[in-house]
Amino acid sequence: VNRFCSDIKGMIGFEPNIYFKACWLVVCPLVILVLILSGIVLSALKGYPTYDKFVGCDNQTLIDQGLRPQAVSSWVVTDKYPTGLVIIIVLMNMASCLLIPGYALINQFSVIKSSFGKLRN
C-alpha cells in the first residue's frame, strides 16, 4: 500500500488520505472474500442445477392422431445438467473471482518474476 500511495503521490502531487489506504488495504480484500464465499455458499445451498425438459410432442402430432391439441404438464420433466457443463460453469465463475487473489498470492510469494522490474532498471 505504501508503494502504491507513493506512486499516486508522484502522479497527483499529494499522498492519498487514510480513507483510501484503508479501502485498499482492508475493505477491498474483505469485499472480494465475501463475494467469493457467498458465491460458494449460495451454490452449495441450491444443490445440483436442474432444468425443465420437454419430452412430449407438438400439437400437430396430437391432431394427426385424432387427439385434442392440448399439452399436458407431465410432458415436462426436471432433469439435471450434464456434469461436464456444470464443471465449465464452475470454472467460468471461479475464473472471474479468483484472478485478483491469485495474482496477489503469486506476487506475495514471488512465484513469477515481474517484467516491470526490468523496465525500471
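Check the entry above for the structure.
Quantities reported herein were computed from a predicted structural model and do not represent experimental measurements.

1. Considering helix 2 (residues 18–46)
When the terminal C-alpha atoms of helix 2 are compared, their 40 Å separation across 29 residues agrees well with the 42 Å that a helix rising 1.5 Å per residue should span. If you look at helix 2, its biggest bend is around 40°, right at Trp 24. Just downstream of helix 2, Gly 47 is the residue with a positive phi angle, here 80°.

2. Some details on helix 4 (residues 83–108)
For helix 4, spanning 26 residues, the distance from its first C-alpha to its last is 35 Å, which sits close to the expected 38 Å at 1.5 Å a residue. At Leu 98, helix 4 shows its largest bend, some 50°, and a proline, Pro 101, comes one to four positions later. Positive backbone phi, approximately 50°, marks Ser 110, located one or two places after helix 4.

3. Some points on the pattern of salt bridges
Taken as a whole, this structure holds one salt bridge when the rule is applied. With a closest N to O distance of 2.6 Å, Glu 15 and Lys 21 form a salt bridge.

The rules behind each value
Residues numbered from 1 in each chain as written. Predicted model: local features only at pLDDT ≥ 70, side-chain atom pairs only at ≥ 80, totals over all residues. Heavy atoms only, no water. Helix = DSSP H or I, 4+ residues; strand = E, 2+ residues; numbered from the N terminus. Expected span 1.5 Å × (residues − 1). Bend = angle between axes of the 7 residues up to and from the residue. Salt bridge = Lys/Arg side-chain N within 4 Å of Asp/Glu carboxyl O.

Function cannot be inferred from these measures alone, as they are strictly geometric.
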